Amino acid sequence: MGDFDISTIGLVIAVVTGIGSFWFGRRIRMKQGEKRREKDRIAAQASETRQQRRARERRERG
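Residues numbered from 1 in each chain as written. Predicted model: local features only at pLDDT ≥ 70, side-chain atom pairs only at ≥ 80, totals over all residues. Heavy atoms only, no water.

Below, the discussion takes up the pattern of salt bridges. Pairing between side chains of opposite charge can happen when the charged atoms of each approach one another. Counting across every chain of the model gives four salt bridges. Glu-48 is the partner of Arg-56 in a salt bridge, and the nearest nitrogen-oxygen pair spans 2.7 Å. When its relative accessible area of 16% is taken as the criterion, Arg-56 is described as buried. Across the salt bridge formed by Arg-53 and Glu-57, the nearest N and O atoms sit 3.7 Å from each other. One end of the pair, Arg-53, and the other, Glu-57, are both in helix α2 (residues 50–61), four residues apart, so they sit about a helical turn from each other. Assessed through its relative accessible area of 34%, Arg-53 is described here as partly exposed. A relative accessible area of 30% places Glu-57 in the partly exposed class. Residues participating in the shared-partner salt-bridge network are Glu-48, Arg-56 and Glu-60. (Salt bridge = Lys/Arg side-chain N within 4 Å of Asp/Glu carboxyl O. Buried < 20%, exposed > 50% of the residue type's maximum accessible area, 1.4 Å probe, protein only. Helix = DSSP H or I, 4+ residues; strand = E, 2+ residues; numbered from the N terminus.)

Shown next, in the form of structure tokens:
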């Protein structure tokens, strides 16, 4: 294996898997947050009055 011993290879593998795990976890958490925000937005729109809905639609158009 040349100049590398088992502990060096193990350390490299641990760092790479740690970075991969961090990236994957962060990505999943962001997707869950997006879904939660969308669900909250839909719930808020469902509970608004006709007047509030029309005002929101006007804001969105112009």
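Right, picking up where we left off after that structure.
Moving on: the side chain of Arg-56. Examined against the element boundaries, Arg-56 turns out to sit in helix α2. When neighbours within four sequence positions are excluded, Arg-56 is seen to be in contact with Gln-45 and Glu-48. (Contact = heavy atoms within 4.5 Å.)

That's the geometry; what it means functionally is another story.
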